[in-house]
Amino acid sequence: MPLSIPVFYGSYRSDRMGIRLANYIVAGITARGDKAELIDAKAIDLPMLDRMYKEHPKGEAPPAMEALAETIRTADAFIFVTGEYNWGMQPGLKNLTDHFLEEWFWRPAAIASYSAGRLGGARANSMWHPTLSEMGMVVISSTITVGPISQTLDEQGQPTGDAGKALERSFPRFADDLSWWAEAGRAQRAVKAPPY
């Protein structure tokens, strides 16, 4: 049975390049036979956090939040595609994730980061590990860092040059590790329902 793996992307910038990496990952997961859906924080455009999803009376959350809660609840795993802003997290992606809590529980997460520079968003990548763990996810050790993003993927999200070849070499291990954890989590949830 195919795994359901939403791919979360958080840039609100007009000239955003990380969407190339998000689309590359969606295509790569889909090519493996699993279901990947791009969750674009800018397109969903949740407000700055005031009330979490669980703080809304049942059935009264905004429609976009309600739909996203269902996507998260029914997923087998998550991939977070994040840029690095001044050595930190992307605010759009952080805001989106903070609207939910229990919905994330008992599933694995993987992080792919990017930047305009050669470090590939590694500092933001490392910041997401404890944050996602605190939100109830198991963060896998395999990760992807892409930089410079403009020299790794073209406008159609196709790998280019040596950096693109490096991405193509690293993606299978990244996807294999996430699949292993997703299958393990699915099996465990079938035996014992999460306590929420």
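Because the structure is a prediction, the values reported are computed rather than measured.

Cut-offs and rules
- Residue positions within a chain follow its written sequence, with the count starting from 1.
- Only residues with pLDDT of at least 70 are given local features in this predicted model, and only at 80 or more are side-chain atom pairs given and counted; all residues enter the totals for whole chains, interfaces and linings.
- Note that water and hydrogens are dropped before the side-chain values are worked out from all heavy atoms of the structure.
- Only DSSP runs of H or I covering at least 4 residues are called helices, and only runs of E covering at least 2 are called strands; the numbering of each starts at the N terminus.
- In this treatment the radius of gyration is a C-alpha quantity, and the globule benchmark scales as 2.2 Å times the residue count to the 0.38 power.
- Burial here depends on accessible area, computed with a 1.4 Å probe over protein chains only, as a share of the maximum for the residue type. Under 20% is buried, over 50% is exposed, and the range in between is partly exposed.
- In this scheme Phe, Tyr and Trp rings, the latter by its six-membered ring, pair at centre separations within 6.5 Å, and the angle between planes marks the pair as stacked below 30 degrees, edge-to-face above 60, and tilted otherwise.

Overview of the overall build of the chain
The number of helices and strands found in the chain is six helices and five strands. Against the compact-globule benchmark of 16 Å for 196 residues, the chain has a radius of gyration of 16 Å, which places it among compact chains. Along the longest, intermediate and shortest principal axes, the C-alpha atoms of the chain span 50 × 35 × 25 Å. The buried share among the 196 residues of the chain stands at 48%.

Points about unusual backbone geometry
Cis rather than trans, the peptide bond between Gly147 and Pro148 has omega equal to -10 degrees. On the secondary structure map, Pro148 appears in the loop between strand E5 (137-146) and helix H6 (161-191). A positive phi angle, close to 65 degrees, is found at Trp106, a residue other than glycine.

Topic: the packing of aromatic side chains
The final tally for this structure, using the stated rule, is 13 aromatic pairs. Judged by centre distance (5.2 Å) and plane angle (15 degrees), the rings of Phe8 and Phe80 are stacked. Here Phe8, found in strand E1 (residues 4-9), pairs with Phe80, found in strand E3 (residues 78-83); they are 72 residues apart in sequence, far enough to count as distant. Phe8 gets classed as buried once you look at its relative accessible area, which sits at 0%. Counting every residue linked through ring pairs, the aromatic cluster contains Phe8, Tyr53, Phe78, Phe80, Phe100, Trp104 and Trp128.

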